Amino acid sequence: MIDPLVTDEATDNEDSSNVQYDITSYGADLDVDGLVRRINKKDIIIPKFQRAYVWKHTEASRFIESLLLGLPVPGVFFSKENDSNRLLVIDGQQRLKTLQFFLGGYFNPREDDDKRQVFKLIKVQDRFLNKTYVDLEEDDRRQIDNAIIHATIIKQESPNKDNTSVFHIFERLNTGGQKLGGGLI
């Protein structure tokens, strides 16, 4: 699906001209198992402009619980790189990293960290409490693996000399909104 042209007027510099983008986008429903495999293979990458992982253990556990309960969760936004076809995360990094951590067994592991924290679910329903991915019943693991995360994948068609629309989309998705009271994700 071709989105309407998006126009952005630079405000930092009076001499800057208008930038107009031609962006192609499409939706894809991706399962958690496939997403985590792609993250681990670096087919999905988190660009440097993304903030660090900030979710607390409770927030991450509740996100996993939502999937276990079959509740819908917010989608993610990716930008497809022109040269490699890898996907850059524009929005959804906290959710994607949480999935990677839970399936990998450790909460927010850091390289060269001798004291990695096992990712056990906390402050969730009793049947999931203190369970790791491996500890879950087979049906529950299957529920996580097959849970669908909707992705919007964009590709900047023009201007083709850069990929600046990614930064504009990131900024607009991550600024200006207000956090909803009592919200989970």
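The numbers attached to residues start from 1 for each chain and follow its sequence in the written order. In view of the model being predicted, local features appear only for residues whose pLDDT reaches at least 70, and side-chain atom pairs are presented and counted only at 80 or more, with totals across whole chains, interfaces and linings using the full set of residues. Excluded from the side-chain calculation are hydrogens and water; included are all heavy atoms of the structure.

Colleague: Could you give an account of the nonpolar core, naming the residues involved and the relevant values?
Modeller: Here the nonpolar core consists of buried residues drawn from Ala, Val, Leu, Ile, Met, Phe, Trp, Tyr and Cys, with membership extended through side-chain atoms lying within 4.5 Å. For the exposure calls, accessible area comes from a 1.4 Å probe over protein chains only, and a residue counts as buried if that area is under 20% of its type's maximum, exposed if over 50%, partly exposed in between. With 36 residues, the main nonpolar core has Val32, Ile64, Leu67, Phe78, Ile144 and Ile149 as its most contacted residues. Counting residues per element, the ones that place at least two in this core are strand S2 (19–31), helix H1 (32–40), helix H2 (57–68), strand S4 (76–80), strand S5 (87–91), helix H3 (93–104) and strand S8 (148–158). Under the DSSP-based scheme used, a helix requires at least four consecutive residues in state H or I and a strand at least two consecutive residues in state E, with every element numbered from the N terminus.

Colleague: Explain the pattern of salt bridges residue by residue, including any values.
Modeller: Criterion for a salt bridge: a side-chain nitrogen of Lys or Arg within 4 Å of a carboxyl oxygen of Asp or Glu. Under the definition given, this model contains seven salt bridges. Between Lys41 and Asp43 there is a salt bridge whose closest N-O contact spans 3.4 Å. Residue Lys41 is classed as exposed on the basis of its relative accessible area, which comes to 59%. Under the relative-accessibility criterion, Asp43 is labelled partly exposed at 29%.

Colleague: Could you give an account of the packing of aromatic side chains, with specific residues and numbers?
Modeller: When two rings of Phe, Tyr or Trp (its six-membered ring) have centres within 6.5 Å they constitute a pair, described as stacked for plane angles under 30 degrees, edge-to-face for angles over 60, and tilted for the intermediate range. Considering all chains together, one arrives at six aromatic pairs under this definition. Taken together, a centroid distance of 4.9 Å and an interplanar angle of 75 degrees make the contact between Tyr53 and Phe101 edge-to-face. Of this pair, Tyr53 sits in the loop between strand S3 (44–45) and H2 while Phe101 is found in helix H3, placing the two residues 48 residues apart along the sequence. Overall, the relative accessible area of 6% leaves Phe101 in the buried class.

Colleague: Before we move on, could you go through the environment of Thr152 and cite the residues and values that matter?
Modeller: Note that Thr152 resides in strand S8. Contact between two residues is taken to exist if any of their heavy atoms lie within 4.5 Å; hydrogens are not considered. With near-sequence residues (within four places) excluded, Thr152 lies in contact with Tyr26, Val76, Phe77 and Phe78.

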